[in-house]
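Commentary on secondary and tertiary structure
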Amino acid sequence: MERAETRSGRPHGAARPGLSIDHTAVDDVRAVPLRGEIDHAVTNELTEALLSYGSVTRPRTVVDLSGVTFMDSSGINALTA
């Protein structure tokens, strides 16, 4: 019997690896490297991480998506909203 797979290639029902969010700042640029999967389950966490960063507001934010293995439309919405 074959097991159904999700779009991410994991067997249906397999544990979700989640999303890792880091923050670094260089001069006036905030870098936010992301690793893992971005879907509806983590969009609130992602949105909050992108909007808040301590008491300092940086004029520019760079989001590094090179470690993202999957992103659905809710992740795209979080990045563009």
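Residues numbered from 1 in each chain as written. Predicted model: local features only at pLDDT ≥ 70, side-chain atom pairs only at ≥ 80, totals over all residues. Heavy atoms only, no water.

Summing up its helical and strand segments, the chain has two helices and four strands in all. Put simply, the chain runs from its N terminus to its C terminus through helices and strands in the order β-β-β-α-β-α. A buried classification covers 25% of the 81 residues belonging to the chain. For the chain, long-range pairs separated by at least 24 residues make up 55% of all intrachain contacts whose partners lie at least 6 apart in sequence. Entry remark: accessible area of the chain is about 5,700 Å², with carbon and sulfur atoms responsible for 51%. (Helix = DSSP H or I, 4+ residues; strand = E, 2+ residues; numbered from the N terminus. Buried < 20%, exposed > 50% of the residue type's maximum accessible area, 1.4 Å probe, protein only. Contact = heavy atoms within 4.5 Å. Areas by Shrake-Rupley, 256 points an atom, 1.4 Å probe, with all protein chains shown as cover.)

Bridging between strand E1 (residues 19-21) and strand E3 (residues 29-38) involves three bridges; their strand directions are antiparallel. Looking across to E3, one finds that Ser20 is bridged to Arg35. The sheet contact formed by strand E2 (residues 24-26) and E3 spans three bridges and is antiparallel. Each bridged residue has a counterpart across the sheet, and for Thr24 the counterpart in E3 is Ala31. (Pairing = 2+ DSSP bridges.)

This brings us to unusual backbone geometry. A positive phi angle, close to 55°, is found at Asp27, a residue other than glycine. The exposure class of Asp27 is exposed, given its relative accessible area of 69%.

Turning next to the environment of Leu34. By secondary structure assignment, the location of Leu34 is in strand E3. Measuring from C-alpha to C-alpha, the distance between Leu34 and Leu46 comes to 9.2 Å, with 12 residues separating the pair along the chain. Setting aside anything within four residues of it in sequence, one finds Leu34 in contact with Leu19, Ser20, Ile21, Leu46, Val63, Asp64, Leu65, Gly67 and Val68.

Counting residues in hydrophobic clusters, the biggest one holds 11 residues: Leu19, Ile21, Val32, Leu34, Ile38, Val42, Leu46, Ala49, Leu50, Val68 and Ala78. Put simply, the parts of the chain that give this core at least two residues each are E1, E3 and helix H1 (43-51). Ala78 has contacts with Thr43, Leu46, Thr47 and Leu50, leaving out every residue within four places of it along the chain. (Core = buried A, V, L, I, M, F, W, Y, C linked by side-chain atoms within 4.5 Å.)

In helix packing, the relevant descriptors are the interaxial angle and the interaxial distance, both defined with respect to the helix axes. It is the contact of H1 with helix H2 (residues 73-80), at a shortest axis distance of 9 Å, that shows an interaxial angle of 15°. When the axis of H1 is compared with that of H2, the two are roughly parallel. Considering only the axes of H1 and H2, their crossing is right-handed. Of H2, the residues touching H1 (which contributes Thr43, Leu46, Thr47 and Leu50) are Ser74, Gly75, Ala78 and Leu79. (Axes fitted to C-alpha atoms, helices over the stretch in contact; angles between N-to-C directions. Parallel < 35°, antiparallel > 145°, perpendicular 65-115°, else oblique. Left-handed = near helix turned anticlockwise from the far one by under 90°.)

Looking at where Thr43 falls in the secondary structure, it is placed in helix H1. The class for Thr43 is buried, based on a relative accessible area of 13%. Of the polar contacts made by the side chain of Thr43, one reaches the backbone oxygen of His40; its length is 3.3 Å. Sequence-distant contacts of Thr43, that is, excluding residues within four places in its chain, are made with Ser74, Gly75 and Ala78. (Polar contact = N/O pair within 3.5 Å; in protein donor to acceptor, adjacent residues only side chain to side chain.)

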